[in-house]
Amino acid sequence: MRNLLILLVCMTVVTGTAAVSSQDQPLRELAEAHGIYIGAAAQSDLLEGDYAGVLSREFNLLTTEWETKMCVTHPTPSTYDFERTDKLLAFADEHQMIVRGHTLLWHECFPDWLASGDYTREEAIDIMREYIHTVVERYKGRIAIWDVVNEGITDNGLFRSTPWYRMIGEDYIDLAFRFTHEADPDALLFYNDYGAEVLNRKSDAVYELVSELVENDVPIHGVGLQMHLQVGDVGDGRYINREAVTENINRLGDLGLQVHLTELDFKHPGKADESVFERQARDYREVVEICLAAEPCTAIIVWGVTDLYSWRKSFDNNPDAAPLLFDENYQPKPAYTAVQQALAEFTPEDDPA
Ligand code: XIL
């Protein structure tokens, strides 16, 4: 069935005679034909007008960009705040989108009260247990996928010295996955990181970490590769070369894990001209093709809906940053067309399903 759908899409593109061509087809329909998710990081205070229109039309998954980070959900020792996450979930329900909860444990957006407290290991474990149970149980059956731990490994392949690590020790990761699974046994649980896309010290350490978790029967179901990239990063001899990424994805797959490309975007210096946008489009296309060709890769998520609200503007201090698929007026960029074509034209023979 999956292959038949793909074949129909391809015939439509080639003949151009049928009513539906890839040009009319939203990304989510094209992705569904491959059995993968296509998602975007979303912000709860923007869910109207063009933003809501593009998000719901093109994507079948949304990631909570900010709203489920700990400093937002658990701002004081005795309070929780779910208002913003609730808004995103209502939107996702209305538009039949699956939700990735991002992220339970991270060294950023770490609440001040916890950072400044003086807790013993046992106290910290109790706090973590209560926090994870409260958040994950509230969204049981609704947030289908959780990034349980974000960015726990350094570029040198060591445990990052996060507040959780300092309070609890190495097994904070193990405990976090177990608590999340207790709270929602059906949720898919991911370890997520950047700079671990190819074969390097960091991805080796991530591989080692998740291998141990799997070996110890810790409930983990996937690894998120963030893919915050730069225009020109993709191709032979470049950072993202097909062979290395594929090998990395497949070795994780061999452990029984899924891989999601969780935060894809392509930055560039200054203001992008046409040639930068063309190169960006090629880069996007190749990343999509890499995922489609690798069986363990089951989701591609871009880190935002429109260039207008990309985190890159402030993070890189570049007001002209345009790293995403839609421009500031919600018009599709060459990158959008490239992703659309990659999804439409990927042939069934290449499809691992
Ligand atoms: C960023 C969000 O996009 C911003 O809105 C927020 O201010 C800071 O965090 N890696 C991650 C994401 O895992 O959580 C970060 O998101 C981007 C880098």
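Residues numbered from 1 in each chain as written. Predicted model: local features only at pLDDT ≥ 70, side-chain atom pairs only at ≥ 80, totals over all residues. Heavy atoms only, no water.

What follows covers the site of the ligand. Taken together, Glu-65, Trp-66, Lys-69, His-102, Trp-106, Asn-150, Glu-151, Gln-226, His-228, Glu-263, Trp-303 and Trp-311 make up the full set of residues adjacent to the ligand. For the ligand, an oxygen atom lies 2.9 Å from a polar atom in the side chain of Asn-150. Taking Trp-303, its side chain carries an N or O atom lying 2.9 Å from an oxygen atom of the ligand. Across the complex, the protein chains shield 79% of the 420 Å² of accessible surface that the ligand would expose by itself. Because more than half of its atoms lie within 2 Å of the grid, the ligand is assigned to the largest pocket. (Near = heavy atom within 4 Å. Polar contact = N/O pair within 3.5 Å; in protein donor to acceptor, adjacent residues only side chain to side chain. Areas by Shrake-Rupley, 256 points an atom, 1.4 Å probe, with all protein chains shown as cover. 1 Å grid on protein atoms, 1.4 Å probe; cavity = no way out; pocket = protein on both sides within 12 Å on 5 of 7 lines; lining within 4 Å. Sits in = over half its atoms within 2 Å of the grid points.)

What follows deals with the packing of helix α2 (residues 27-34) against helix α14 (residues 334-345). The N-to-C vectors of α2 and α14 enclose an angle of 30°; their axes lie 9 Å apart at closest approach. Regarding the angle of α2 to α14, the classification is roughly parallel. Taken as a pair, α2 and α14 cross one another with a handedness that is left-handed. Between α2, through Leu-27, Leu-30, Ala-31 and His-34, and α14, the contact on the second element is made entirely by Tyr-336, Val-339, Gln-340, Leu-343 and Ala-344. The residue inventory of the contact of α2 with α14, partitioned by class, reads 7 nonpolar, 2 polar and no charged. (Axes fitted to C-alpha atoms, helices over the stretch in contact; angles between N-to-C directions. Helix = DSSP H or I, 4+ residues; strand = E, 2+ residues; numbered from the N terminus. Parallel < 35°, antiparallel > 145°, perpendicular 65-115°, else oblique. Left-handed = near helix turned anticlockwise from the far one by under 90°. Contact = heavy atoms within 4.5 Å. Nonpolar A, V, L, I, M, F, W, Y, C, P; charged D, E, K, R; others polar.)

It is worth spelling out the nonpolar core at this point. Of all hydrophobic cores here, the largest spans 102 residues; its most connected members are Leu-55, Met-128, Trp-164, Phe-177 and Leu-325. At 8 residues, helix α7 (residues 121-138) tops the list of elements feeding residues into this core. (Core = buried A, V, L, I, M, F, W, Y, C linked by side-chain atoms within 4.5 Å. Buried < 20%, exposed > 50% of the residue type's maximum accessible area, 1.4 Å probe, protein only.)

Further remarks concern the packing of helix α10 (residues 201-215) against helix α11 (residues 242-254). Here α10 crosses α11 at 10°, and the two axes come no closer than 10 Å. In terms of their interaxial angle, α10 and α11 are classed as roughly parallel. On the side of α10, the interface is formed by Ser-203, Asp-204, Tyr-207 and Val-210, while α11 contributes Asn-248, Arg-251 and Leu-252. Among the residues forming the contact of α10 with α11, the class breakdown is 3 nonpolar, 2 polar and 2 charged.

Another point: the pattern of salt bridges. Across all of its chains, the model carries 21 salt bridges by this definition. A salt bridge links Arg-100 to Asp-147; its shortest N-O distance comes to 2.8 Å. In this pair, Arg-100 is assigned in strand β3 (residues 98-105) and Asp-147 in strand β4 (residues 145-150), connecting sequence segments 47 residues apart. Judged by its relative accessible area of 1%, Asp-147 falls in the buried class. Several salt bridges share partner residues, and in doing so they unite Arg-242, Arg-285, Glu-286, Glu-289 and Glu-345 into one network. (Salt bridge = Lys/Arg side-chain N within 4 Å of Asp/Glu carboxyl O.)

Once that is clear, we can look at the pairing of strand β9 (residues 297-302). Burial within β9 is extensive, with 6 of its 6 residues counted as buried. Bridge count between strand β1 (residues 37-42) and β9: 4 bridges; the pairing is parallel. By the bridge assignment for β9, Tyr-37 is matched with Ala-299. By the bridge criterion, 4 bridges tie strand β8 (residues 258-267) to β9 in an arrangement that is parallel. Bridge pairing links His-260 to Ala-299 in β9. Following the chain from β8 across helix α12 (residues 274-293) to the adjacent parallel β9, one finds a crossover that is right-handed. (Pairing = 2+ DSSP bridges. Right-handed = clockwise from strand over helix to strand, strands pointing away.)

All we've got here are geometric facts, nothing functional implied.
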